[in-house]
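# Examining the three-dimensional arrangement
Spelled out, the chains give:
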Amino acid sequence: MKKKNILLLCLGLSYSLFLHAQHPIIQKVKSDGPVVVAHRAAPYLGFTENSLAAMTMAVESGIWMQEMDLMESQDGRLYLLHDQTLDRTTTHQGAINTYSSADLEKVRLLGTDEKLPDFASVLRHAKVKGITLMLDVKHAPLAKVMKEVQEQGMMQQVLLLTFSKERAQEALDLKMTFVLSVLINDETDIRHYRQAAQGQALVAYINQNAPVNLFQSVRASGLPILTDVLNKVDNTAEQLGGEHYTGFLSVRNPDLVVTDYPIKLLPLLHSRTLVP
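Given the structure is predicted, the values throughout are model-derived calculations rather than measurements.

### Regarding the pattern of salt bridges
This structure, assessed with the given rule, holds 14 salt bridges. Measuring nitrogen to oxygen at the nearest pair gives 2.8 Å for the salt bridge that ties R88 to E49. Taken as a pair, R88 in the loop between β3 (78-80) and α4 (101-104) and E49 in the loop between β1 (35-38) and α3 (52-60) lie far apart in primary sequence, 39 residues in all. Its relative accessible area of 41% is what places R88 among the partly exposed residues. Exposure remark for E49: the relative accessible area of 16% places this residue in the buried category. Salt-bridge contacts for K138 lead to D136; the nearest nitrogen and oxygen are separated by 3.0 Å. Here D136 falls in the buried class, since its relative accessible area comes to 11%. Salt bridges here are not isolated pairs; linked through shared partners, they connect R40, E49, D83 and R88.

### Comments concerning the pairing of strand β6 (residues 179-183)
Buried residues dominate β6, accounting for five of its five residues. Alternating positions in β6 separate into two faces, V179, S181 and L183 on one and L180 and V182 on the other, with burial throughout. Two strands pair when backbone bridges link them, and strand β5 (residues 158-161) and β6 are joined in this way by three bridges, in the parallel orientation. For L159, the partnering residue across the bridge sits in β6 and is V179. The parallel pair β5 and β6, bridged by helix α7 (residues 165-172), forms a crossover whose chirality is right-handed. As paired elements, β6 and strand β7 (residues 201-205) share five bridges and run parallel to each other. Within the sheet, the bridge partner assigned to S181 lies in β7 and is V203. Following the chain from β6 across helix α8 (residues 187-197) to the adjacent parallel β7, one finds a crossover that is right-handed.

### Points about the packing of aromatic side chains
Evaluated as defined, the whole model comprises two aromatic pairs. Ring geometry for Y44 against F47: centres 5.5 Å apart, planes inclined by 85°, an arrangement best described as edge-to-face. Here Y44 falls in the partly exposed class, since its relative accessible area comes to 33%. Residue F47 is classed as partly exposed on the basis of its relative accessible area, which comes to 22%. Note that K28 overlies the ring of W64, its terminal NZ or CZ placed 4.7 Å from the centroid. Sitting over the face of the ring of F215, R252 holds its NZ or CZ atom 5.8 Å from the ring centroid.

### Remarks on the pairing of strand β2 (residues 65-72)
Buried residues dominate β2, accounting for seven of its eight residues. Where β1 lies against β2, two bridges are found, and the strand directions are parallel. From the neighbouring strand, A38 faces β2, where its bridge partner is Q66. With six bridges joining them, β2 and strand β4 (residues 132-137) adopt parallel strand pairing. Paired with M65 across the two strands is T132, which belongs to β4. Direction of pairing for β2 relative to β3: antiparallel, over a ladder of three bridges. What sits directly across from M71, in β3, is Y79. Counting the residues that bridge the hairpin from β2 to β3 gives five residues, and of these G76 lies at a positive phi of roughly 85°.

### Some points on the packing of α8 against helix α9 (residues 212-221)
Across the interface, α8 lies against α9 with an axial gap of 10 Å and an inter-helix angle of 25°. One finds that α8 runs roughly parallel with respect to α9. With respect to the hand of their crossing, α8 and α9 are arranged in right-handed fashion. From α8, E187, I190 and R194 reach across to α9, where they touch L214, S217, V218 and S221. Grouping the constituent residues of the contact of α8 with α9 by class yields three nonpolar, two polar and two charged.

### Describing the side chain of S51
Here S51 is to be found in the loop between β1 and α3. What makes S51 buried here is its relative accessible area of 0%. Discounting chain neighbours no more than four positions away, the residues touching S51 are L80, L109, E114 and P117.

### Focus: the packing of helix α5 (residues 119-129) against helix α6 (residues 142-151)
Two elements in contact, α5 and α6, have axes separated by 10 Å at closest approach and are oriented at 40°. If you check the angle between α5 and α6, you find them oblique. Read as a crossing pair, α5 and α6 show a hand that is right-handed. Packed against α5, whose contacting residues are F119, A120 and L123, the element α6 presents V145, E148 and V149 at the interface. A breakdown of the residues in the contact of α5 with α6 according to their chemical character gives five nonpolar, no polar and one charged.

Reading the values: rules and limits
Residues numbered from 1 in each chain as written. Predicted model: local features only at pLDDT ≥ 70, side-chain atom pairs only at ≥ 80, totals over all residues. Heavy atoms only, no water. Salt bridge = Lys/Arg side-chain N within 4 Å of Asp/Glu carboxyl O. Helix = DSSP H or I, 4+ residues; strand = E, 2+ residues; numbered from the N terminus. Buried < 20%, exposed > 50% of the residue type's maximum accessible area, 1.4 Å probe, protein only. Pairing = 2+ DSSP bridges. Right-handed = clockwise from strand over helix to strand, strands pointing away. Phe/Tyr/Trp six-rings, centres within 6.5 Å; stacked < 30°, edge-to-face > 60°. Lys NZ or Arg CZ within 6 Å of the ring centre and 35° of its normal. Axes fitted to C-alpha atoms, helices over the stretch in contact; angles between N-to-C directions. Parallel < 35°, antiparallel > 145°, perpendicular 65-115°, else oblique. Left-handed = near helix turned anticlockwise from the far one by under 90°. Contact = heavy atoms within 4.5 Å. Nonpolar A, V, L, I, M, F, W, Y, C, P; charged D, E, K, R; others polar.

Right under this line is the structure:
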């Protein structure tokens, strides 16, 4: 009986791996990787973040996957915004959850005539432009977010970020076909999510400061690896030249890399200077 249970578990995991590999995003990452991801959808640091203009410029520069942040208004409408307040990036002040969607119609992104983008507009824009969205949902219920994604016919163009087991389980409980990023801190996390996934397409997010051997363990598991080069690595490369990325990325061998300078990193990857 024990052997039978082990066999069934192995067959289940194999089938889950098969379903995982069939998702269009996973297939594209495997064929195109390593994939450069625009942080907050911006083509470079200083461009208006989390904006339709940023999304357009980034995709026209070859950056087809873009990370972005969602926040809710007082009446529950979703908007593209990183901070809980409007202060840093818009013409208005205060927490977004104190504004109704009608009030937010008056808000403009700093230095532009663009309105604060609502999620429905972002989904429509991404669908037309062929952009894959990497969603960082800070507080809103994931069921609400993914229902809107489903209604817009964008399930095959969304990767959902999670950074805790609780949030990941919330996503898994939806039983919907999208790519889920899960935080991997050690090898026990790899085993946990392999068993919990049940066919869900997974990407393993590994913090840039994690030990290199964790990247190697995840690579051996077959999960695509997502990491970032934000702050220290990006800033050093900006000061010393793009070749600084080489040492970091070549030993970690990620499939997806989030950066504040995507249009600078992309040519390096295409030139294969980062391949060990």
